[in-house]
Structures are given as C-alpha cells and as structure tokens.
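# Working through the structure, step by step
Each chain is listed here by its residues.
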Amino acid sequence: MLLRLPTSVSEARECLAEGAVPIGGATLVWATWQRDGFPELAMSLRELPEANVVGRRTLGGAVVLNRIDERVPDVLRLAAATVGTGAVRRTATVGGNLVGSTLRCLLPAALVLDARAMVLEPEGVREADLSEVVAKRPVLLSLRWREPVACAYRKLDGEAGGPPPLVVSSAVHADDDGDRLRVAVRDGYEVLSGSALSVTDVEEALSGLRGTALGELPAASWEVVRSQIAGLLGGRGAR
Ligand SMILES: Cc1cc2nc3c(=O)[nH]c(=O)nc-3n(C[C@H](O)[C@H](O)[C@H](O)COP(=O)(O)OP(=O)(O)OC[C@H]3O[C@@H](n4cnc5c(N)ncnc54)[C@H](O)[C@@H]3O)c2cc1C
C-alpha cells in the first residue's frame, strides 16, 4: 500500500482522482485491511491545513479527537471526550468518526450545531449536508457551523457488550425569526433530530419537539431529553 500525504487541496484532489482511499487514524480500517487485504493507494489528510483547523466555527476532518478542546462549542468537545478509550481518542479522527464509524458519537453534536460539511471530490471542494455525508461517505475536509447561544451534551453509561449508550445533544441558535432549539439523539444506532422555534418556555419547546422525529423516542429516552432541555433553557432564563 502506498500512503500519500497531500499538503494542498489540489494535491488531495489528484490523489482522489487516482483512487486513493481516505484514512484517518486507522483505528477501524487496520483490522479489516489485515483481514481482507490493503488498498493499493491510501491518503491521509494529516498534512493538509484545511483538514486540521480547530476553531469556534470550524473543525477539520483530520483532527484527532483528543485535540478537540474548548476552542469548539462544548457540545462537540464533550462528544469527542466520550468516544472510546484514551488510546482511541489519541488516534481516531473526526472524519473517521463521522464518515467511517457506525457509532458516530460526534454526529448528534454536529447536527445540533446545524453543521455543514466541506467535502473533497476529484472536481473540487463543495459544501454538503450531514445526511449526505452519512449516506454517501465522501471525503470530509472539515465542518463549519454558526456559533450557538448555548448547548449541552450527555452520553449515558453503556454496558459492556450491550447496545450503544443513549446520546442526547442540544443547542440554541439565535435565528432571524427567534431562538431555535435543536436536539439530536442517538438511540441504539439510529440518530434522530428535530427543532423547535421561538423557545421561551420549556414545556412549549418539548411539545414542539414531540411533533418532530424525536416524538418516536421511547419514554425513558424522552425523559433524558426533557431533563437536558429544562437545564439548557432554564440556565438561559426560560420559564
Ligand atoms: C475500542 C474502541 C471504542 C470505540 N468507541 C467509540 C465510541 O464510544 N463512540 C464512537 O463514536 N466511536 C467509537 N469507536 C469508533 C471510533 O470512533 C472510530 O474508531 C474512529 O472514529 C475511526 O476513526 P479513524 O480516524 O481511526 O478512522 P479509520 O479507521 O482511519 O477509517 C475508518 C473509515 O473512515 C474513512 N475515513 C477516514 N477519514 C475520513 C475522511 N476524512 N473522510 C471520509 N472518510 C474517512 C476511512 O476510509 C474508513 O472507511 C470506537 C473504536 C474503538 C476501536
């Protein structure tokens, strides 16, 4: 296997056009490649500046999870801090988690930030929404979002060998037509999300969310959502 380390977007485009497979920290692919065989050409984005940004409104696809600190909104920082073990977080990347893993602990956080993805194609870089990233698995260069007014994240404790633990993320954004509350939940392997507008009252917000895909959540998961929203809106002075 030849590993290319492009240092510019145009070089990365060339690698992709030559059929290079993206690789992050190899925490997932290594075992599969050892079993099924290695690709001829792979490409790591770790030397590409555009894929290594960390800021209040952006995060690169090649950023290693344990580099995600208070520069990004808490919801994303806390999501990264709860992925796997310290050893996994020292190696695994944002791109590998969002595009390549089935657990995707970062996805609910990215959804409530209303993040957009910058994806690399042989023709160039373009913006895509997260549902497309999950469905089509393009090369993720970076995420961008608008800074939220407030946000929260919780991952329940999991049982060894059991189903993935519940993840609940939420964020409030100041929109032109009022504050918008976004909530995303990973329940099992499924990620559901919804939003409610003009949030001034906790019960009103919850009733708005019930009318979205989140309304399908089982009662126990809904209680975790309720408590997080009460804390998030209560902390901002909502009734
Ligand atoms: C012990 C253990 C515990 C874990 N626990 C959790 C957990 O609690 N929560 C959770 O969410 N995940 C968990 N994971 C999964 C972990 O998040 C992934 O291993 C990791 O995110 C994969 O990242 P990586 O950079 O190593 O990807 P790689 O193994 O390098 O790649 C994985 C896949 O992603 C693709 N890929 C990599 N980078 C990009 C990119 N920039 N654009 C497009 N595709 C790309 C690769 O082509 C490959 O198909 C765990 C993993 C382990 C081993």
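The rules we used
- Residues numbered from 1 in each chain as written.
- Predicted model: local features only at pLDDT ≥ 70, side-chain atom pairs only at ≥ 80, totals over all residues.
- Heavy atoms only, no water.
- Buried < 20%, exposed > 50% of the residue type's maximum accessible area, 1.4 Å probe, protein only.
- Helix = DSSP H or I, 4+ residues; strand = E, 2+ residues; numbered from the N terminus.
- Pairing = 2+ DSSP bridges.
- Axes fitted to C-alpha atoms, helices over the stretch in contact; angles between N-to-C directions.
- Domains from an automatic or database assignment.
- Contact = heavy atoms within 4.5 Å.
- Buried area = accessible area lost by both parts, 1.4 Å probe.

## With respect to the pairing of strand S10 (residues 178–187)
- In terms of residue burial, S10 counts as a mostly covered element, since 7 of its 10 residues are buried.
- Of the strand pairs in this sheet, strand S9 (residues 167–175) and S10 are connected by 9 bridges, and their pairing is antiparallel. Bridged to Val168 within S10 is Val185.
- Counting the residues that bridge the hairpin from S9 to S10 gives 2 residues.
- Relative to strand S11 (residues 190–197), S10 is paired through 8 bridges, and the arrangement is antiparallel. Within S11, the position partnered with Val183 by the bridge is Gly194.
- Turn length for the S10-S11 hairpin, with the two strands adjacent in sequence and antiparallel, is 2 residues, and the turn residue Gly188 shows positive phi of about 65°.

## Focus: the sheet that holds strand S1 (residues 2–4)
- Overall, parallel pairing links the 3 strands, which are arranged S1-S3-S2 in an open sheet. Strands at the two margins of the open sheet, each flanked by one partner only, are S1 and strand S2 (21–23). The average undirected angle you get between the axes of adjacent strands in this sheet is 35°.
- Relative to strand S3 (residues 41–44), S1 runs parallel, the two being bridged by 3 bridges. Counted as the bridge partner of Leu2 is Leu41 from S3.

## Examining the domain arrangement of the protein
- Split into domains, the protein comes out as domain 1 (2–144) and domain 2 (150–235).
- Taken over C-alpha atoms, the centre of domain 1 sits 25 Å from the centre of domain 2.
- Taken residue by residue, the interface counts 18 residues in domain 1 and 17 residues in domain 2.
- At the boundary of domain 1 with domain 2, total buried surface from both sides reaches about 1300 Å², with 71% on carbon and sulfur atoms.

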